[in-house]
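# Notes for the structure review
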Amino acid sequence: AQSVDQPDAHVTLSEGASLELRCSYSYSAAPYLFWYVQYPGQSLQFLLKYITGDTVVKGTKGFEAEFRKSNSSFNLKKSPAHWSDSAKYFCALVSGGSNYKLTFGKGTLLTVTP
Amino acid sequence: EAAVTQSPRNKVAVTGGKVTLSCNQTNNHNNMYWYRQDTGHGLRLIHYSYGAGSTEKGDIPDGYKASRPSQENFSLILELATPSQTSVYFCASGDLGGRFVEQYFGPGTRLTVL
């Protein structure tokens, strides 16, 4: 069975700092990995995905993520962080087959202070 | 632009009552999904569908039924609502395709069961 772990429930940093949100996964096959963002009171929005190829993928809103097979991680990064980046971030893994099921981590709440 | 809509946006139900949550997508995606979001759990998959007429159990299907009468519409049905089903419910659509299209999420339905 697949699983996604986001070990940091809450991350706080100052505007202008670099942010890195951690995500690790467990899956026996080649993973397809996603990051979504949820602003307060809103739905989830797609940020970026890793399917194959380059291990550093760039997404919307200036975010990028690095896939590391060696330690089963897919960390989200941005520099510099802006107060408007304050939101909850979810890492997700697609399981195999045609059903395209997403398994989500529990999310990391990011607070960027001005 | 891809669009997923949900109705109602807010619902208060009584214990033992029947609740139907509706979802419509204009993305022409084959797959549709129902998730619930609870604090401390992230998003969890309830039911999903490959296309009109099909429904499949997700990770937490107990107490829920689903119906997919057409490509565009996917409903989640709580035959006998319980307070433990108080949550925010999200519908999503997605497809595999050649580019492994990400899932698009609706705005969510906040359900309170008293």
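Everything below is about the structure shown above.
It should be emphasised that the depicted structure is a prediction, and the values quoted were computed from it without experimental measurement.

### Considerations on the overall build of chain B
Along its length, chain B carries zero helices and 11 strands. Starting at the N terminus and ending at the C terminus, chain B contains elements arranged as β-β-β-β-β-β-β-β-β-β-β. Taking the principal axes of the C-alpha coordinates as reference, chain B spans close to 45 × 30 × 25 Å. Going through the 114 residues of chain B one by one, you find that 53% of them count as buried. A separation of at least 24 residues holds for 55% of the contacts in chain B among residues at least 6 apart in sequence. Accessible surface, chain B: about 5,200 Å² in total, of which carbon and sulfur atoms supply 50%. The averaged location of the 9 negative side-chain charges in chain B is 7 Å from the averaged location of its 10 positive side-chain charges.

### Some thoughts on the state of the cysteines
Under the definition given, this model contains two disulfides over all chains. Sulfur-sulfur distance for the disulfide between cysteine 23 of chain A and cysteine 91 of chain A comes to 2.0 Å. On the S-S bond that ties cysteine 23 of chain A to cysteine 91 of chain A, the torsion sits near -65 degrees, and the link is left-handed. You can see cysteine 23 of chain A sitting in the loop between β3 (19-21) and β4 (24-26) and its partner cysteine 91 of chain A sitting in strand β10 (residues 87-94), a full 68 residues away along the chain. Like cysteine 91 of chain A, cysteine 23 of chain A is buried. Note on cysteine connectivity: cysteine 23 of chain B is disulfide-linked to cysteine 91 of chain B, with sulfurs 1.9 Å apart. Between cysteine 23 of chain B and cysteine 91 of chain B, the S-S torsion sits near -80 degrees, and that sign places the bridge as left-handed. Within this pair, whereas cysteine 23 of chain B is found in strand β3 (residues 19-25), its partner cysteine 91 of chain B is found in strand β9 (residues 87-94), the two being separated by 68 residues in sequence. Judged by its relative accessible area of 2%, cysteine 23 of chain B falls in the buried class. In this structure cysteine 91 of chain B comes out as buried when scored by relative accessible area, which is 0%.

### Thoughts on the sheet that holds strand β7 (residues 65-67) of chain B
Residue and element names in this part refer to chain B. A sheet is described by the order of its strands in space; here four strands give the open sequence β1-β3-β8-β7, paired in antiparallel fashion. Where the open sheet ends on each side, the last strands, each with one partner, are β1 (4-7) and β7. Across the sheet, the mean angle from the axis of one strand to that of its neighbour is 20 degrees, orientation sign disregarded. Two elements, β1 and β3, share four bridges in a ladder whose sense is antiparallel. By the bridge assignment, glutamine 6 is partnered in β3 with cysteine 23.

### Quick notes on the packing of aromatic side chains
All names here are of chain A. Tallied over the entire structure, the rule returns 17 aromatic pairs over all chains. With 4.3 Å between their ring centres and 20 degrees between their planes, tyrosine 50 and phenylalanine 67 make a pair best called stacked. With a gap of 17 residues between them, tyrosine 50 in strand β6 (residues 44-50) and phenylalanine 67 in strand β8 (residues 64-68) connect regions that are remote in the sequence. As far as the burial class goes, tyrosine 50 and phenylalanine 67 line up, both buried. Pairing phenylalanine 63 with tyrosine 89 gives two aromatic rings, centres 5.5 Å apart and planes at 50 degrees, and the pair type is tilted. With a gap of 26 residues between them, phenylalanine 63 in the loop between β7 (56-58) and β8 and tyrosine 89 in strand β10 connect regions that are remote in the sequence. Take tyrosine 89: its relative accessible area is 0%, and that puts it in the buried class.

### Brief notes about the interface of chain A and chain B
Each side of the interface is counted separately: chain A has 21 residues, and chain B has 24 residues. Both faces combined, the contact of chain A with chain B buries some 1,900 Å², and carbon together with sulfur accounts for 58% of it. Across the chain A-chain B interface, the total number found is zero salt bridges. Applying the counting criterion to the chain A and chain B interface returns three residue pairs in polar contact (both at pLDDT 80 or more). Those elements that place two or more of their residues in the side of chain A that touches chain B are β5 (32-38), β6, β10 and β11 (102-104) of chain A. Here the side of chain A that touches chain B gets four residues from one element, more than from any other, and that element is β5 of chain A. In terms of residue class, the side of chain A that touches chain B is made up of 11 nonpolar, seven polar and three charged.

What counts as what
Residues numbered from 1 in each chain as written. Chains lettered and ligands numbered in written order. Predicted model: local features only at pLDDT ≥ 70, side-chain atom pairs only at ≥ 80, totals over all residues. Heavy atoms only, no water. Helix = DSSP H or I, 4+ residues; strand = E, 2+ residues; numbered from the N terminus. Buried < 20%, exposed > 50% of the residue type's maximum accessible area, 1.4 Å probe, protein only. Contact = heavy atoms within 4.5 Å. Areas by Shrake-Rupley, 256 points an atom, 1.4 Å probe, with all protein chains shown as cover. Lys, Arg positive; Asp, Glu negative; His and termini not counted. Charge placed at Lys NZ, Arg CZ, Asp CG, Glu CD. Disulfide = S-S within 2.5 Å. Pairing = 2+ DSSP bridges. Axes fitted to C-alpha atoms, helices over the stretch in contact; angles between N-to-C directions. Phe/Tyr/Trp six-rings, centres within 6.5 Å; stacked < 30°, edge-to-face > 60°. Buried area = accessible area lost by both parts, 1.4 Å probe. Salt bridge = Lys/Arg side-chain N within 4 Å of Asp/Glu carboxyl O. Polar contact = N/O pair within 3.5 Å; in protein donor to acceptor, adjacent residues only side chain to side chain. Nonpolar A, V, L, I, M, F, W, Y, C, P; charged D, E, K, R; others polar.

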